[in-house]
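# Report on the structure
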Amino acid sequence: MSEKVGFIGLGIMGQGMTHNLLKAGVDLTVWNRTRSKAESIVTAGAQWADTPAALAHQCDIIITCVSDTPDVEAVILGEDGVLAGIKAGALVIDMSTISPHATREIAAKLAEKGAHMLDAPISGGSEGAAKGTLSIMVGGDVVQFDRAMPFFQAMGKAITHVGEQGAGQMVKLVNQVLVVITGLAVSEAMVFAQAGSLDLEKTLAAVSQGAAGSWMLSNRGPQMIQRDWRPGFTIDLQQKDLRLVLEAADQMGVPALGTSLVFNLYRTLQQQGLGSEGNHALVKALEHLSGFRVGDGV
Ligand code: NAP
């Protein structure tokens, strides 16, 4: 892998991803808004750049993994951003979850400088980032996808080219529609079982392997009945993704009834100060409506 890689955004996901790139022998330069978070990766052998522009000037491939749409715009289009330093022929890969529409606008600005862009959002949580087992859904030019593949393989396992620029972000939003509506189904089922005075563990065991089975039921159902609200993915970040789904649905003129219901249920939990809890705490919104408390008596 002879191309030089720059990585912007050393949060929960970026930490694991950068360590896996280094382990694969990548020549790596990093930048993070809060410099102290770069200590571990610099100690491990990465170089530090003082600004995103300086990083872009030194690198052939620039990866971003920051929180939300305005944050990607800040590090790419802002003062001293990637756009200010990028070389013609360079490739920007955005692995954050952001607006598909904004993705295409950012790509157009990069294209004016002769640079390429892929959107490559991820699924698999902090554990997948650390283990290098992320699912990566990629939108953009196939030649650039092939160019990026060795770097994707250092960070992930299921790597899928899904279409043109913005398609990666759209598929990630599809993923989130499925995740939250399945989460609502699990929540409603657990409150229903509680109201029926059922043994919740036996109920889970009875229904998990049949037609009602799902990752959410098997992994988050037990956490719900144990009232373990530690986050794999926080309500606040989940809510950001649902806002992106609803914005895209509005732009396309398509109803998103289930997603808007879950969006509003999460909003009630955020208003109660629960935004940093895991997304399976969705069940608490139904508990508040019903008066039943899942796991009482377990
Ligand atoms: P995180 O731990 O909160 O880290 C966010 C990163 O973005 C930090 O490096 C932060 O810098 C940087 N950042 C935020 N706003 C910025 C700005 N305006 N300018 C410059 N840097 C900025 O988040 P994460 O969990 O790593 O998530 C990153 C992305 O991956 C998000 O889009 C998220 O939806 C997505 N994702 C997360 C998961 C998950 O399970 N965590 C799974 C799949 C996808 P500072 O260090 O200075 O704050």
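Residues numbered from 1 in each chain as written. Predicted model: local features only at pLDDT ≥ 70, side-chain atom pairs only at ≥ 80, totals over all residues. Heavy atoms only, no water.

## Considerations on the domain arrangement of the chain
Let me state the cut-off plainly: Boundaries between domains were set according to an automatic or database domain assignment. Contacts were defined at the residue level, with two residues in contact if any of their heavy atoms lie within 4.5 Å. By buried area we mean the combined loss of accessible area, with a 1.4 Å probe, across both parts when two parts are placed together. Counted as salt bridges are all cases of a side-chain nitrogen of Lys or Arg within 4 Å of a carboxyl oxygen of Asp or Glu. By the criterion applied in these results, polar contacts are pairs of N or O atoms within 3.5 Å in which, for protein atoms, one can donate a hydrogen and the other can accept it, and in which residues neighboring in sequence qualify only through two side-chain atoms. Each helix corresponds to a stretch of at least 4 residues labelled H or I by DSSP, and each strand to a stretch of at least 2 residues labelled E; elements are numbered beginning at the N terminus.
Domain parsing of the chain yields domain 1 (5–164) and domain 2 (170–290). Computed from C-alpha atoms alone, the centre-to-centre distance between domain 1 and domain 2 is 29 Å. In this assembly, 13 residues from domain 1 lie in contact with ten residues from domain 2. Between domain 1 and domain 2, a total of about 950 Å² is buried, with carbon and sulfur atoms accounting for 64% of that surface. Viewed at the interface, domain 2 and domain 1 are joined by one salt bridge. As a salt-bridge pair, D68 and R243 come within 2.5 Å of each other at their nearest N and O atoms. Along the contact surface separating domain 1 from domain 2 lie four residue pairs in polar contact (both at pLDDT 80 or more). Those elements giving two or more residues to the side of domain 1 that touches domain 2 turn out to be helix 6 (100–112) and strand 7 (122–123).

## Concerning the nonpolar core
Put simply, the test is: In this description, a nonpolar core means a group of buried Ala, Val, Leu, Ile, Met, Phe, Trp, Tyr and Cys residues linked to one another through side-chain atoms lying within 4.5 Å. The rule is simple: take the accessible area with a 1.4 Å probe, protein chains only, and divide by the maximum for that residue type; under 20% is buried, over 50% is exposed, in between is partly exposed.
F7, M17, I62, I93, M95 and F152 are the most contacted members of the largest nonpolar core, which totals 55 residues. The dominant element in this core, judged by the number of residues it contributes, is helix 8 (residues 142–155), at six residues. Other than its neighbours up to four places away in sequence, I62 contacts G6, I8, L55, A56, V82, I86, A90, L91, V92 and I93. Counting residues in hydrophobic clusters, the runner-up holds 27 residues, among them V180, I235, L282 and V294.

## Details of the site of the ligand
The cut-off we apply is this: A single heavy atom is enough: if one lies within 4 Å of a molecule or strand, its residue is considered near that molecule or strand. Only the protein chains shown count as cover for residues, with accessible areas throughout obtained via the Shrake-Rupley method and a probe of 1.4 Å. For this classification, the nonpolar set comprises Ala, Val, Leu, Ile, Met, Phe, Trp, Tyr, Cys and Pro, the charged set comprises Asp, Glu, Lys and Arg, and every other residue, Gly included, is treated as polar.
Close to the ligand lie 24 residues, the nearest being N32, T34, K37, S67 and K240. The backbone of T97 places a nitrogen or oxygen atom 3.0 Å from an oxygen atom of the ligand. In the complex, the protein chains occlude 87% of the 910 Å² of accessible area that the ligand would expose alone. At the level of secondary structure, the elements contributing two or more residues to the shell around the ligand comprise helix 1 (12–23), helix 4 (69–77), helix 7 (125–131) and helix 12 (235–252). When its residues are assigned to classes, the shell around the ligand shows nine nonpolar, ten polar and five charged.

## Points about unusual backbone geometry
Located in the positive-phi region is D80, a residue other than glycine, with phi close to 60 degrees. Overall, D80 belongs to the partly exposed group, its relative accessible area being 42%. In this structure, S197 takes a positive phi of about 55 degrees despite not being glycine.

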